[in-house]
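Fold and geometry: a report
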Amino acid sequence: MTARECSRLWQIDAYREGRLGAKDEESLERHLRACEACSAKMESDEGLRARMLALGAEEPNELALHRLRARVLRDAANGVPAPSSAWRGAAALVALTAACAMVLALVMHHRELGTPRLAASPARSEASPPPPAEPFAGTVVGEADARWWQRREQRQERVELDEGTVHVHVRPQQAGERFLVVMPDGEVEVRGTTFDVTVRGGETTRVRVESGVVDLRLRTRAGVRLLDGDVWTAPPVVSDSPPKASPPPAPPRVRPASPVGVDDGASSYAAAMQRLRDGRYEEAAAAFHGYVTAWPLSSQAEDASFLEAVALARAGRLDAAGLAAEHHLASFPRSFHAKEAAVLVERAAELRRPQNP
Amino acid sequence: MNPRARALRLKAVGDPEILKGVVAGDPGALGELYDRYARDVWRAVRRTLASATDVDDVVHATFLGLPRIAASYDGRASCRNWLCGIAVNLAVRQRRGKQRFQRMIEAFAHTLTGRSPGDPERRASGSEELAVLDRALATLSERKRAVFVLVELEGLSADEAGQSLDIPAATVRTRLFHARRELKSALEREGLQ
């Protein structure tokens, strides 16, 4: 029987794709043993697949893959949009057009007098303000009753919240960047996190941290640091009426806030460095980690974050060192130590990779 | 949770949960997903693109774009096929845009380095057949090549490939039929079928 004569040839594709039921499969397998045309097609299709699979023998370069990994994480942390896969020449043309458009926009901007550099809440804005000079680091979603503004100047971004609840997601901040939510009675500062803030009647009533670290500073209270899953709620207002029988709300799980602006943790940093010099690497790693957690905004946080990875590597914990270096790259994408951190990440990846016998 | 503990925890969780982390902007989740599938994605893209030059860019674009599209994942236990589909789709777009330019460059490169199909040295080294297969695959249109790569080489079903490329499953099967036929003809011409 030739290929043109067999009426079951169409079933070969369905069989190879696994779309035939059990009975039809058995039936076709019996048929294949008898039908030359169908078995030839089956053999031909499978042979083609096997030969083409041999083309896939080319393997990615491991080092290049690790570099690519760091590039993906760095760009994701910086909020870089996925690049267009268009031809680079076209990209160059687009860039040239964009440059012309920017010059034109700049000229037009200078003609407009008194235009505020504020990005208004979509709920409030009637006329869209001009776009900011650099993209926002935070994504803010306000609830229906929220009144808020967002603006960014000189690498400092502020969300001013007058009333209502906003949900905020902030990408990891780079060295020199700050992100603040300013409420009528205080402020919240973050380095890259997801959280909600609620203001009622001019007072902050609730802060909930989904992930990351949030420093809450209110004028009338001591600062608190909130971590993953923490919820801070304002204590009830004291009144003249007798206290209720119900117990007071549980205090939030907080750590003492770092006295920002007063002590940047220099002594802690020095102590960690001393441990590193003394060869007490495990202790040094823990000390650097504690320093970064307590003083994420300090000028030495970047170094401390990297030195944590170094200390772990010297302690022989290469896998942990790799993870710490990876975290360092994500937290400080433009780190001065980026190359060295990438090397640690690669070494750890080498360890994790299963060894071929 | 400190980064090390979180990274270790991520190793133990499934793809759907990792993708939720990616949507939430967790760099650890993105890194973990990369570790799991970057090699598979790279190979799929390499098979789709005639040149290795742009493979890294497509892989980069695939993972960088994930936070925007991961929410659309259907929740299957493994997202390997889904990722490969996205990557091949991106590669096809890239290839389409560059095709004319690429042909010109490849023709130029061939005149500089190409050897005749019957070169005894290459035949002896065993690379001749691979070169012929590579040339045959490169003759397919980008649509047929994408379908062939996804279904025959990456093991996606026609339905999965259709979802990835945004075409009906029946169209996938039609293109696959033509792709096989063209490849077999090309191999016959080269004396390999």
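Residue numbers here run from 1 along each chain, matching the order of that chain's written sequence. Lettering of chains starts at A and numbering of ligands starts at 1, both following the order in which they are written. Whole-chain, interface and lining totals are the exception, using all residues; otherwise, since this is a predicted model, local features are given only for residues with pLDDT of at least 70 and side-chain atom pairs are given and counted only at 80 or more.

Right, let's get into the overall build of chain A. Starting at the N terminus, helices and strands are each numbered in turn, a helix being any DSSP run of H or I of at least four residues and a strand any DSSP run of E of at least two. A tally of regular secondary structure across chain A gives 10 helices and 12 strands. Out of the 357 residues belonging to chain A, those deemed buried represent 30%. We call two residues in contact whenever the C-beta atoms placed from their backbones are within 7 Å. Taking contacts inside chain A between residues at least 6 apart in sequence as the whole, the part at least 24 apart equals 45%. Exposure classification rests on a simple neighbour count of other C-beta atoms within 10 Å of a residue's own: a residue reaching 20 or more is buried, one at 12 or fewer is exposed, and one in between is partly exposed. C-beta atoms are placed from the backbone.

Once that is clear, we can look at the overall build of chain B. Counting its regular elements, chain B contains 11 helices and 0 strands. Secondary structure elements in chain B, listed N-terminal to C-terminal, are α-α-α-α-α-α-α-α-α-α-α. Per-residue burial for chain B yields a buried fraction of 44% across its 193 residues. A separation threshold of at least 6 residues defines the contact pool for chain B, and within that pool the share at least 24 residues apart is 66%.

All names here are of chain B. With axes taken as lines fitted to C-alpha atoms, and helix axes fitted only over the stretch in contact, angles between N-to-C directions fall between 0 and 180 degrees. Here helix α3 (residues 27-48) crosses helix α9 (residues 142-153) at 140 degrees, and the two axes come no closer than 9 Å. Between α3 and α9, the angle falls in the class oblique. Judged by the sense of rotation from one axis to the other, the crossing of α3 with α9 is right-handed. Side by side, α3 and α9 meet where Ala-44, Arg-47 and Thr-48 of the first sit next to Arg-145, Ala-146, Val-149 and Leu-153 of the second. Three residue categories are used. Nonpolar comprises Ala, Val, Leu, Ile, Met, Phe, Trp, Tyr, Cys and Pro, charged comprises Asp, Glu, Lys and Arg, and polar comprises the others, including Gly. For the contact of α3 with α9, a count of residues per class yields 4 nonpolar, 1 polar and 2 charged. Roughly parallel means an angle under 35 degrees; roughly antiparallel means over 145; roughly perpendicular covers 65 to 115; every other angle is labelled oblique. Note on convention: the crossing is left-handed when the near helix lies turned anticlockwise from the far helix by less than a right angle, right-handed when the turn is clockwise.

With that settled, the discussion passes to the pairing of strand β4 (residues 156-170) of chain A. Residue and element names in this part refer to chain A. Here strand β2 (residues 138-142) runs beside β4; their pairing, made up of 5 bridges, is antiparallel. Looking at β4, one finds that Val-140 is bridged to Val-168. Note: strand β3 (residues 147-153) against β4, 7 bridges, orientation antiparallel. Of the residues in β4, the one forming a bridge with Trp-149 is Glu-160. Taken together, β3 and the strand that follows it, β4, pair antiparallel across an intervening segment of 2 residues, in which Gln-154 is found at a positive phi of about 50 degrees. Where β4 meets strand β5 (residues 178-183), 5 bridges bridge the pair, whose relative direction is parallel. Its bridge partner lying in β5, Arg-158 is registered against Leu-180. Strands are labelled as partners when DSSP assigns at least two bridges between them. Direction of pairing for β4 relative to strand β7 (residues 194-200): antiparallel, over a ladder of 6 bridges. Residue pairing in the sheet places Val-168 in a bridge with Phe-195 of β7.

A separate point is the confidence of the model for chain B. Residue and element names in this part refer to chain B. pLDDT measures the predictor's confidence residue by residue and takes values from 0 up to 100. The predicted model of chain B has a mean per-residue pLDDT of 77, with 74% of residues at 70 or higher. Of all secondary-structure elements in chain B, the lowest mean pLDDT belongs to helix α7 (residues 120-125), at 44, while helix α4 (residues 55-64) reaches the highest, 90. Here residues 100-126 is modelled with pLDDT under 50, and outside its nearest four sequence neighbours on either side it reaches 11 contacts, counting other chains as well. Here the complex is predicted with pTM 0.44, and the ipTM for its interfaces comes to 0.74.

The tendency in soluble globular proteins is for nonpolar side chains to be buried as a group. Residues and elements named next belong to chain B. By convention the nonpolar core is taken to be a set of buried residues drawn from Ala, Val, Leu, Ile, Met, Phe, Trp, Tyr and Cys and joined through C-beta atoms within 7 Å. Counting 89 residues, the largest nonpolar core has Val-45 and Ala-87 as its most contacted members. With 10 residues, the single largest contributor to this core is α3. Sequence-distant contacts of Ala-87, that is, excluding residues within four places in its chain, are made with Val-41, Ala-44, Val-45, Val-58, Val-59 and Thr-62.

For the rest of this paragraph, the subject is the environment of His-337 of chain A. All names here are of chain A. Within the fold, His-337 resides in the loop between α9 (318-331) and α10 (338-352). A count of 20 C-beta atoms within 10 Å places His-337 in the buried class. When the C-alpha atoms of His-337 and Leu-307 are compared, they prove to be 9.5 Å apart, with 30 residues separating the residues in sequence.

What follows deals with unusual backbone geometry. All names here are of chain B. In this model, Asp-166 sits at a positive phi of 65 degrees, which is unusual for a non-glycine residue. Secondary-structure assignment places Asp-166 in the loop between α10 (158-165) and α11 (169-189). Its 8 C-beta neighbours within 10 Å are what place Asp-166 among the exposed residues.

This next bit is on the packing of α9 of chain B against α10 of chain B. Residues and elements named next belong to chain B. Interhelical geometry of α9 versus α10 gives an angle of 135 degrees and a closest axis separation of 9 Å. By the angle between their axes, α9 is oblique relative to α10. Remark: the crossing between α9 and α10 carries right-handed chirality. Contacts between α9 and α10 involve Ala-146, Val-147, Leu-150 and Val-151 from the first element and Ala-158, Ala-161, Ser-164 and Leu-165 from the second.

Here we come to helix α6 (residues 266-277) of chain A. Residue pairs three or four apart in sequence face the same way in an α-helix, which turns once every 3.6 residues. Residues and elements named next belong to chain A. Expected helix span is taken as 1.5 Å per residue step, with the number of steps being one fewer than the number of residues. Between its first and last C-alpha atoms α6 spans 16 Å; for 12 residues at 1.5 Å apiece the expected length is 16 Å, and the two agree. What α6 keeps buried is the set Ser-268, Tyr-269, Ala-272 and Leu-276. Projected down its long axis, α6 carries its buried residues within an arc of 100 degrees, all on one side. Within α6, the exposed residues directed more than 90 degrees away from the buried face are Ser-267 and Arg-277. Those residues of α6 that are buried are in contact with α7 (281-294) and α8 (301-314). The arc in question is formed by the directions pointing from the helix axis toward the C-beta atoms.

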